[in-house]
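Tertiary structure, described
One-letter residues, chain by chain:
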Amino acid sequence: MPEFLQWSFMQNAFLTGTIIATVAACVGYFVVLRHVAFAGHALSHIGFSGAAGAVLIGIDPLWGLLAFTLSAALAMGLLGDRLEGRDVAIGIVLAFALGLGILFLQLYTAYASEAFSILFGTIMGISRAEVVTSLIIGIAVLLGLGVIFRPLLYMSVNPIAAEAGGVPLRLLSALFLLLVALAVSEAVLVVGVLLIFALLIAPPATAMYLTPRIYPALGIAVVLGVLETWFGLIMAYYTGYSASFFIATAAVAAYLLVRLLVWRGVIGIRSTRLTAQPATADAA
Amino acid sequence: MAVREAQQQPALAQDRPIVEVENVTVRLGGRPVLNDLSFAIYPGDFVGLIGPNGAGKTTLLRLLLGLVPPSNGTVSLFGHPLTRGNHRVGYVPQHQTFDETSPLRGRDMVALGIDGFRLGLPLPSQEKTAKVNRVLREVGADAYADSPIARLSGGEQQRLMLAQALIGDPDLLLLDEPLANLDIRSRRDVVNIVCSVVRQRNIAVILVAHDVNPLLGSMDKVIYLAHGRGVIGTPDEVVQTDVLTRLFGFPVDVIRAQGHILVTSAEEGGECHA
Ligand SMILES: Nc1ncnc2c1ncn2[C@@H]1O[C@H](COP(=O)(O)OP(=O)(O)OP(=O)(O)O)[C@@H](O)[C@H]1O
Ligand SMILES: [Mg+2]
């Protein structure tokens, strides 16, 4: 066993980090596919206010996070599946929630350090009980995603055909946002509100540059997210700087590296053609 | 006003109609978009749905899919009242676009046509793969089905959409402008594919287009829509100067030459002078 894993706080950090990176990558695959990154971003910031409120009334910040993100996700889902106007509505909800968050902080200045850890994550200070909580939430999210996976994919690719085929667009997009809210609330524990994209968006976005296949892309996203998290934890252990910083740096570096290599043509998706003859030749 | 049924249905009278639309009016935003429309479509019918922009063609397809309710009249599919999400109907929407950032293989999208509406994980199976391969060959898209859809040309994407609609073995196929953006050869290919599917499987298809010419020789019936009103019949019966003049409400000339039909009017032609 490596030296850093002898400490129970590091064991807890690795366990939680692995669970959360896995869940965030799977949910993030659909966040990227459905272009709802702004909703994910907003949910994390709304979660900040929830966590601040929880600290204020003296309960576990996770419950505040969950309460705020889940109700915000429901509100966003009810706003409908149409993208037009939705970003504006999300922005307005976000502004209100952040305003509340600032008020909560001012009311309880004694908890400035709590606010700091909500914003940037507390992965090194996680208890065994919190590991169990994140495992339970993680399994619930993955099960939920597994249940709605196929119609969610269908409506993300062909919304009109899916609707005609009987897929309830509004209900499914609301359910999906609830799963995003759960995943985001969890991920805040590791990387904090401000760096949520490091685990939610960067790994699946990177994976999608590497393959157009669904399960391989999901697998690559999970492996990337988990490796980046482990890297961040080990670096934090040896340097004493924030794990969130290293995780975010690794995620961005991997993304940029892949884009560079794809751009240079070293790796990436080949456009396979079985025949040399193009299918749509010019009209005579 | 009532729609003129330009022809009786002697040949297929013994068949039950696949689609039966009776005196249907559809209002959208308080305005009648389809007005007192009646027609019937039988197994084996290749129907062209023609009309200018805003005539209500897409609305008519959405009506048959149960996505917009009729404010008057009745619609029945396969002899039953309309239901949403009927899996005996295959549909290719108008203006489907795939964006660059979501790479997904054409074959994965086509497979969603089998059971995309069903909960659970899409697990690959030999049976499904064989089915996907068969329909990809049928529409001539097997060469590029493993590429990300977003990288394919509009015509190639159109064929994959057609494959997705066909893979559920529909009895009614609704195609909204599948010929838009296609060159002459691809247009002919798509019409031929659709035509042979209709003949082989004895299903019905409604294909929306702006121009009758690509469909001449393949389609059995044409529905001409204008101002929410419509005429149905064989192309020879409907595409006539007097019929279309009455439908459009202004003088229309129908000129037939060398197997082509030109529908034109004195009102055509721009007015932007140098
Ligand atoms: N949801 C809606 N609310 C109000 N009006 C609508 C709605 N959808 C369509 N319309 C109107 O109904 C009319 C018919 O629209 P439709 O899309 O059916 O036309 P179309 O024949 O398919 O035209 P195009 O050739 O341009 O595709 C248009 O005038 C359109 O503005
Ligand atoms: Mg239309």
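Basis of the calculations
- Residues numbered from 1 in each chain as written.
- Chains lettered and ligands numbered in written order.
- Predicted model: local features only at pLDDT ≥ 70, side-chain atom pairs only at ≥ 80, totals over all residues.
- Heavy atoms only, no water.
- Domains from an automatic or database assignment.
- Contact = heavy atoms within 4.5 Å.
- Buried area = accessible area lost by both parts, 1.4 Å probe.
- Salt bridge = Lys/Arg side-chain N within 4 Å of Asp/Glu carboxyl O.
- Helix = DSSP H or I, 4+ residues; strand = E, 2+ residues; numbered from the N terminus.
- Donors = N, O, S within 2.8 Å, 3.2 Å for Na, K, Ca; no water.

Before going further, it helps to spend a moment on the domain arrangement of chain B. When the parts of a complex come together, some accessible area is lost, and that lost area is often used as the size of the interface. Residues and elements named next belong to chain B. Domains assigned within chain B are domain 1 (1–88 + 170–238) and domain 2 (99–167). The C-alpha centroid of domain 2 is placed 25 Å from the C-alpha centroid of domain 1. Contacts between the two partners involve 14 residues from domain 1, matched on the other side by 9 residues from domain 2. Buried area between domain 1 and domain 2, summed over both chains or domains, comes out near 1,000 Å², and the portion from carbon and sulfur atoms is 66%. It is His87, Ile193 and Arg201 that lose the most area in domain 1 upon contact with domain 2, and together they represent 38% of the buried surface on that side. Summed over the shared surface of domain 1 and domain 2, the result is 2 salt bridges. A salt bridge links Glu138 to Arg201, with the shortest nitrogen-to-oxygen separation between them at 3.1 Å. Among the secondary structure elements, those contributing two or more residues to the side of domain 1 that touches domain 2 are strand E7 (172–175) and helix H5 (184–201). Counting residues per element, the side of domain 1 that touches domain 2 draws most heavily on H5, which supplies 7 residues.

The coordination sphere of the magnesium ion (ligand 2) contains the protein donors Thr58(B) (OG1) and Gln94(B) (OE1), at a distance range of 1.9 to 2.2 Å. With Thr58(B) in helix H1 (residues 57–64) and Gln94(B) in the loop between strand E6 (89–92) and helix H2 (106–115), this pair connects stretches of sequence that are 36 residues apart.

In this assembly, 39 residues from chain A lie in contact with 50 residues from chain B. Taking both sides of the interface into account, the surface hidden between chain A and chain B amounts to around 3,800 Å²; carbon and sulfur atoms contribute 56%. In this assembly, chain A and chain B are joined by 1 salt bridge. The salt bridge involving Asp115(B) is made with Arg150(A); its shortest N-O contact spans 3.0 Å. A per-element tally of the side of chain A that touches chain B places helix H6 (residues 128–157) of chain A first, with 9 residues.

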